[in-house]
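Chain residues, written in single-letter form:
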Amino acid sequence: MTMIVDIVISALVLLGAGFVLIGSWGLVRLPSTMERLHGPTKATTLGLGALLLGSVLYFQLRLGTWSAHELLISLFLFITAPISANMIAKVHLHRLHTGALSEPDSIAGPPPRPGDDGDWATFAEPQQDTPAATANT
Amino acid sequence: MIAWALNIASVAVALALLLNGWRLLKGPALGDRIVALDTMVINVIALIVLIGMIGGNDTYFEAALLLAMVGFVSTIAYCKFILRGDIVE
């Protein structure tokens with residue numbers, strides 16, 4: 001029984017650290033900014049989730065103490081990682097829009113246009129009757 | 001076995017931090033640097049959890065929880081500052 005627990009905890013910890021490393025390797029290797037967002041936001045979040053799960057099991061099954069911090073950390077990270085990725089993508093779109101930088105060649109090509117004649121919602125003028133418009137002026 | 005796994009994982013996470021630091025220094029776009037900083041915060045959380053597991057002590061996990069919150073808020077504040085030139089309007 002102890003052997004199985006050891007194997008499961010070690011596998012979770014190694015899987016988590018491996019995914020964290022793959023995420024950072026993707027951040028270094030991928031050619032354009034929009035693609036570099038993929039590595040950290042997906043692989044690193046998954047890796048940290050596995051690591052925290054391994055930590056919960058380790059403290060519960062090996063040391064006999066219950067610690068709920070890991071669950072809070074993983075819940076918070078899983079909620080916030082997409083939001084910060086969205087904000088970073090918006091920053092990048094804005095800096096492309098204002099001509100502050102030029103996009104290098106990427107694997108997938110430029111991101112597809114939004115439908116019809118419109119542009120990204122983040123470039124739209126703020127509406128007068130909305131109290132907190134987040135569009136750029 | 002767990003001790004070996006924890007050591008290997010610590011080395012892997014430290015290597016990931018170095019790779020993030022390389023991207024933070026090199027850029028070239030501002031978005032890359034923000035992504036690198038955000039990922040560094042997540043990797044530091046992983047490192048704190050590993051240190052807590054090696055020491056068999058969960059006191060450090062409160063620091064990891066605080067770092068998760070502060071890292072998210074700082075990333076959003078930086079992005080808002082670039083988007084709007086202001087953080088709290």
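The structure displayed is predicted, hence computed values, not measured ones.

1. Side note on the overall build of chain A
Here comes step 1: Across its full length, chain A holds four helices and zero strands.
Here comes step 2: Seen in sequence order, chain A has helices and strands lined up from the N terminus as α-α-α-α.
Here comes step 3: Across the 137 residues in chain A, those meeting the buried criterion constitute 35%.

2. As for the overall build of chain B
Here comes step 1: Scanning chain B from N- to C-terminus turns up three helices and zero strands.
Here comes step 2: Along its sequence from the N terminus, chain B presents helices and strands in the succession α-α-α.
Here comes step 3: In terms of overall size, chain B is more extended than a compact globule, its C-alpha atoms giving a radius of gyration of 16 Å where 89 residues would be expected to give roughly 12 Å.
Here comes step 4: Seen through its C-alpha atoms, chain B measures out along the principal axes to roughly 50 × 30 × 10 Å.

3. Quick notes on the interface of chain B and chain A
Here comes step 1: Residue-level contacts link 43 residues of chain B with 46 residues of chain A.
Here comes step 2: Elements supplying a minimum of two residues to the side of chain B that touches chain A: helix 1 (2-26), helix 2 (30-55) and helix 3 (61-84) of chain B.
Here comes step 3: Sorting elements by how many residues they give to the side of chain B that touches chain A places helix 2 of chain B first, with 14 residues.
Here comes step 4: Residues belonging to the side of chain B that touches chain A are distributed by class as follows: 32 nonpolar, six polar and five charged.

4. A few points about the UniProt feature "transmembrane region" (unreviewed entry) in chain A
Residue and element names in this part refer to chain A.
Here comes step 1: UniProt annotation of "transmembrane region" (unreviewed entry) refers to residues 6-28, 40-59 and 71-89 when read in the numbering used here.
Here comes step 2: Between the C-alpha atoms that bound residues 6-28 there is a distance of 33 Å. The span itself is 100% helix and 0% strand.
Here comes step 3: Taken as a whole, residues 40-59 contains 100% helix and 0% strand, while its terminal C-alpha atoms sit 27 Å from one another.

5. Things to note about helix 3 (residues 38-62) of chain A
Working note: α-helix, 3.6 residues per turn, so residues spaced by three or four point in the same direction.
Residues and elements named next belong to chain A.
Here comes step 1: Along its 25 residues, helix 3 runs 35 Å from first to last C-alpha, staying within 8% of the 36 Å computed at 1.5 Å per residue.
Here comes step 2: Its maximal kink placed at threonine 44, helix 3 deviates by approximately 25°.
Here comes step 3: At the C-terminal side of helix 3, glycine 64 shows a positive phi close to 75°.

6. Describing the UniProt feature "transmembrane region" (unreviewed entry) in chain B
All names here are of chain B.
Here comes step 1: According to UniProt, the feature "transmembrane region" (unreviewed entry) maps to residues 6-22, 34-54 and 60-83 in the numbering used here.
Here comes step 2: When the span residues 6-22 is considered, its composition is 100% helix and 0% strand, and the gap between its end C-alpha atoms is 24 Å.
Here comes step 3: As annotated, residues 34-54 has a helix share of 100% and a strand share of 0%, and its two end C-alpha atoms lie 30 Å apart.

The rules we used
- Residues numbered from 1 in each chain as written.
- Chains lettered and ligands numbered in written order.
- Predicted model: local features only at pLDDT ≥ 70, side-chain atom pairs only at ≥ 80, totals over all residues.
- Helix = DSSP H or I, 4+ residues; strand = E, 2+ residues; numbered from the N terminus.
- Buried ≥ 20, exposed ≤ 12 C-beta atoms within 10 Å, placed from the backbone.
- Rg over C-alpha atoms; globule rule 2.2 N^0.38 Å.
- Contact = placed C-beta atoms within 7 Å.
- Nonpolar A, V, L, I, M, F, W, Y, C, P; charged D, E, K, R; others polar.
- UniProt positions renumbered as here; feature names shortened; annotations may be inferred.
- Expected span 1.5 Å × (residues − 1).
- Bend = angle between axes of the 7 residues up to and from the residue.

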